[in-house]
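Structural description and commentary
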Amino acid sequence: MKNWISDSQMNLLVDYYTEVPFRPYGSGCTRANTLPWLKQLDLGYICIYAKGHSGFTTWRSSLKTAHAQLAQDMPRFFRDVTRAAGTKLVLYYSGLLDGVAGDHHPDWRMRNLDGTDKRCFEDFKNFHSFGICPQSGYFDEWVAIHLRELITQYDPDGIWVDGDWPGPCYCPRCQKRFRQDTGWQGGWAQLQKRPDFAATYARTWTRIEHEWRTRFRNFVKSLKADCVYSAGNVSPRREFLAPFDWRSGDFFSPGCFYLHDMARMMRWYDTLGVPYDAYVCDTSFTHARKEVRSRTKTLDRMLQEAATVASNGGAVGYWTYPLGNGALVPSRMERAAAVRRFLEERKEVFL
């Protein structure tokens, strides 16, 4: 385990999804408006998007998945500025959610219990996504190609996987695996009527998820042994923790969780034997759903959330939104700098 994960006090997640197809992506990111903030914040790492839940990417992949108006190679840009700032680079990759892959390969889509496709984020205006079955050809024919490109071209220090939580899948592949695991016989409709069906199927699905994460992590390590791995926002039991280099999540703080919920999760993370962080968002709601208006949080609120994470043993991930062109928002970065100073001044107290 690299010391930079366990020793970092504050990290930065730049939430810049590739899900808006009709505006240039990344045209506003420059060395002049990014590097000074990275130097001032003195981060453990910055996490930037490589692939969002839509399936579109921030680099020109051989799979033709690049954002329609990609203005520049974003992993390349951030690899350059993070090296100049002495900051580690973590790439965000949507794991089992992918609209582009689902469009190209309908047979890879997860299925609901009634046999319909598992569609995700239907309430978002600008994109769609599918849950993708981890037992399909998705890893070999899609994910492995992306990971090889990302790691060999950009040398990231870590991969942070989101979207590993849309299951369970009930496609024919997963039904077959369930029967193999349990030895259950009979028609699928009849099996669903058994009172122990849901709990028994959950055990099979937990193993499928664990195998997916192990495969993902092992492939990353085969390409770069010291590239750290975490899957965010998932809570496997202790026996399924082996793939994780650190525990992390970004669901704590869009505005729907209270401080005691964050504290409880940090205390649980503390029992797992690996470093951990939690992202605290400077905006009350995470994305522009039809009925939601985003609101900026006050500095006091950000300090409260940061203190809650830090006092319960976690590193603070400052989660921010850039402008539509990808440029960091100065007022939000000033707030992030204030949080950074607050944490540094109280470092011994939190420790």
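Our structure is the block above this text.
Remember, predicted model here, so these are calculated numbers, not experimental data.

Next up on the list: the pattern of salt bridges. When the charged atoms of two side chains lie near each other, side chains of opposite charge can form a pair. Per the stated rule, a full pass over the model turns up 24 salt bridges. For R177, the salt bridge goes to D181, with nearest N and O atoms at 3.0 Å. Placement of the pair is R177 and D181 together in helix α6 (residues 172–182), with a separation of 4 residues, close to one helical turn. A salt bridge links D196 to R194, with the shortest nitrogen-to-oxygen separation between them at 3.3 Å. Judged by its relative accessible area of 31%, D196 is partly exposed. Taking relative accessible area as the criterion, R194 reaches 35% and is therefore assigned partly exposed. Several salt bridges converge on common partners, so that one network encompasses R79, R83, D155, D157 and K224.

Here we take up the sheet that holds strand β9 (residues 315–320). Spatial ordering of the open sheet is given by β7-β6-β3-β2-β1-β9-β8, a layout of 7 strands whose pairing is parallel. Every interior strand has two partners, whereas the edge strands, β7 (228–231) and β8 (277–281), have only one. For this sheet, the mean inter-axis angle between neighbouring strands, taken without regard to orientation, is 25°. The strands touched by helix α8 (residues 197–223) within the sheet are β3 (88–94), β6 (158–162) and β7, with β7 carrying the most contacts at an inclination of about 160°. Strand contacts of helix α10 (residues 299–311): β8 and β9, with the helix running at about 170° to β8, the strand carrying the most contacts.

Quick notes on the rules
Residues numbered from 1 in each chain as written. Predicted model: local features only at pLDDT ≥ 70, side-chain atom pairs only at ≥ 80, totals over all residues. Heavy atoms only, no water. Salt bridge = Lys/Arg side-chain N within 4 Å of Asp/Glu carboxyl O. Helix = DSSP H or I, 4+ residues; strand = E, 2+ residues; numbered from the N terminus. Buried < 20%, exposed > 50% of the residue type's maximum accessible area, 1.4 Å probe, protein only. Pairing = 2+ DSSP bridges. Axes fitted to C-alpha atoms, helices over the stretch in contact; angles between N-to-C directions. Contact = heavy atoms within 4.5 Å.

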